[in-house]
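Topology and contacts: notes
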Amino acid sequence: MQKRSRIDCISRLFGFLMVVLVLPGQSLAQQTDYKSMVLRYICQYREIAVKEMITAHIPASITMAQGILESNAGQSTLAREANNHFGIKCHKEWNGSTIYKDDDKPNECFRKYNSAQESFRDHSSFLVSRDRYRPLFELKVTDYKGWALGLKKTGYATNPAYADKLIKTIETFRLYNLDRGDYGVSYVDSLNHSGDEPAGNSSSNSWVSRFTLIEITADRHLVFTNNDLRLVVARKGDDLAYLSKKFNIPERKLLRYNDLTSSHLVPGQIIYLQPKRRKAVNTTHLMAKGETLYQVSQGYGIKLRMLYKRNHLQRGMEPASGELIRLR
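Definitions and limits used
Here, residues in each chain are numbered from 1, in the same order as that chain's written sequence. Local features in a predicted model are, by the rule used here, given only for residues with pLDDT of at least 70; side-chain atom pairs are given and counted only at 80 or more, and totals for whole chains, interfaces and linings are based on all residues. To get the side-chain values, take all heavy atoms of the structure and skip hydrogens and water. Runs of H or I in DSSP of at least four residues are treated as helices and runs of E of at least two as strands, each being numbered from the N terminus. Relative accessibility under 20% of the residue-type maximum defines a buried residue, over 50% an exposed one, and the middle range a partly exposed one, all with a 1.4 Å probe and only protein chains included. Note on contacts: a residue pair is in contact if any heavy atoms of the two residues lie within 4.5 Å. Only the protein chains shown count as covering a residue, and every accessible area follows the Shrake-Rupley method with a 1.4 Å probe. Joining through side-chain atoms within 4.5 Å is the link that ties buried Ala, Val, Leu, Ile, Met, Phe, Trp, Tyr and Cys residues into a set, and such a set is a nonpolar core. Here a polar contact means two N or O atoms within 3.5 Å. Within protein one must be a hydrogen donor candidate and the other an acceptor candidate, and residues neighboring in sequence count only if both atoms are side-chain atoms. For two strands to be treated as a pair, DSSP must find at least two bridges joining them. Cysteine sulfur atoms are paired as a disulfide whenever they fall within 2.5 Å. Here a salt bridge means any side-chain nitrogen of Lys or Arg lying within 4 Å of a carboxyl oxygen belonging to Asp or Glu.

Overview of the overall build of the protein
- Summing up its helical and strand segments, the protein has 11 helices and 8 strands in all.
- Counting only residues that meet the buried cut, the protein has 50% of its 328 residues in that class.
- When contacts within the protein are restricted to residue pairs at least 6 apart in sequence, those whose partners lie at least 24 apart make up 57%.
- Roughly 16,400 Å² of accessible area belongs to the protein as shown, and the carbon and sulfur atoms make up 48% of that amount.

Focus on the side chain of E52
- For E52, the position within the fold is in helix α2 (residues 28-56).
- Sequence-distant contacts of E52, that is, excluding residues within four places in its chain, are made with H57, I58, F120, R121 and S124.

Digging into the nonpolar core
- Core analysis: the biggest nonpolar cluster contains 82 residues, and M64, Y156 and L175 have the highest contact counts within it.
- Those residues in contact with Y156 that sit more than four places away from it in its chain are Q66, E70, F86, I88, H123, F126, L127, Y133, L151 and Y162.

Section: the side chain of K276
- Structurally, the position occupied by K276 is in the loop between β6 (270-272) and β7 (284-286).
- At 2.6 Å, the side chain of K276 and the side chain of Q298 are in polar contact.
- Setting aside its immediate chain neighbours within four residues, K276 contacts L229, Y257, N258, D259, S297, Q298, G301, I302, K303 and L304.

Observations regarding the pairing of strand β2 (residues 108-111)
- Alternating positions in β2 separate into two faces, E108 and F110 on one and C109 and R111 on the other, with burial throughout.
- In this structure, the hairpin formed by strand β1 (residues 98-101) and β2 is closed by a connection of 6 residues, where N107 is found at a positive phi of approximately 50 degrees.

Some points on the state of the cysteines
- Applying the stated criterion across every chain, the model contains 1 disulfide.
- Here C90 engages in a disulfide with C109; their sulfurs sit 1.9 Å apart. Around the S-S axis, the bridge from C90 to C109 shows a dihedral of about -70 degrees and counts as left-handed. Of this pair, C90 sits in the loop between α4 (77-82) and β1 while C109 sits in strand β2, and the two are 19 residues apart along the sequence.

Description of the pairing of strand β5 (residues 229-233)
- Burial analysis of β5 places 4 of its 5 residues in the buried class, the great majority of the element.
- Pairing between strand β4 (residues 222-226) and β5: 5 bridges, direction antiparallel. Considered in β5, the bridge of N226 is made with L229.
- Linkage of β4 to β5, two consecutive antiparallel strands, is achieved through a turn of 2 residues, within which N227 is found at a positive phi near 55 degrees.
- Sheet analysis places β5 next to β6, joined by 3 bridges and oriented antiparallel. What sits directly across from V233, in β6, is I270.

Thoughts on unusual backbone geometry
- Despite not being glycine, A73 shows a phi value in the positive range, around 55 degrees.
- Secondary-structure assignment places A73 in the loop between α3 (60-71) and α4.
- Although it is not a glycine, D228 sits at a positive phi angle of roughly 60 degrees.
- Its location among the elements puts D228 in the loop between β4 and β5.

As for the pattern of salt bridges
- Counted according to the given criterion, the structure contains 10 salt bridges.
- Residue E47 pairs with R46 through a salt bridge whose shortest N-O separation is 3.9 Å.
- Relative accessible area serves as the criterion here: at 8%, R46 is assigned to the buried category.
- Where E93 meets R130, a salt bridge forms, and the shortest distance between an N and an O atom there is 2.4 Å. Of the two residues, E93 sits in the loop between α4 and β1 while R130 sits in the loop between α5 (116-128) and α6 (144-153), which places them 37 residues apart along the sequence.
- By relative accessible area, R130 is classed as buried at 17%.

Observations regarding the environment of L260
- Within the secondary structure, L260 sits in the loop between α9 (251-257) and β6.
- Judged by its relative accessible area of 8%, L260 is buried.
- Along the chain, L260 and I54 lie 206 residues apart, while their C-alpha atoms are 9.0 Å from each other.
- Those residues in contact with L260, other than ones at most four positions away along the chain, are H57, L240, L255, L265, Q269, I271 and Y294.

Written as structure tokens, this is what we have:
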């Protein structure tokens, strides 16, 4: 089923991608092969990039473009042998697995991951945790040009044409649509719900399917209760300013209620309309593969800072898959 879905995705992307990739020194057949390779990469990892955008506020277009360039659309040695899609080197703080490869210097140390998803997650953490990238997070999540120029300026890559390459990749493959949740396919948010589906059609694995639907507004916004709190599922085109006006709640409060720093929303994103609780109804939660504390926070209606405190974690740290975390 997943393979079939990926084939359908590639077909749709070929259907609307009407630009021709012009690469000096390559034949038309080589250009077509490269385009196919990139489209497969987009279909395979687009949802991970969107999830990282929700939690880390890094444009999904930037994440995807960097992954495409740094890993040669998943075909580089680092990507194939180490699941390293962003060329991140070990640095002194890295305690995980490693792989050695010639780069700027011979036999340099690079990080090795158990999965591509871990690489995407670490890429977000890498940018979030370093002061030199902090000004980038003041940009709008839709400002891919500002991000591209900022990454080059702050020294992410040594190639003087790095920003131009990122921007060309984003515009050639229309990756900017990822930042708006509109790419000719249905994107899910960090809680696996599209937001445009009727509540009864939610996946059985969806957090939203566990909530109680109490209202469908005139413009089809879904309003639920969870942990005795009201929440809304964002629709395409929503941002916090719109929801603020619609539900008569100051935008600054919505930001605080949902542990957000940006008003940008993705279709399906869960937004609480009142402060989350200090504890959940459930006592514990078993972390699933790829799951984040932010997802758990939104899923149970519990303040994110309480999850960090209760589980003795520093902000930005994530529990391992299979780890049991305390909710109260």
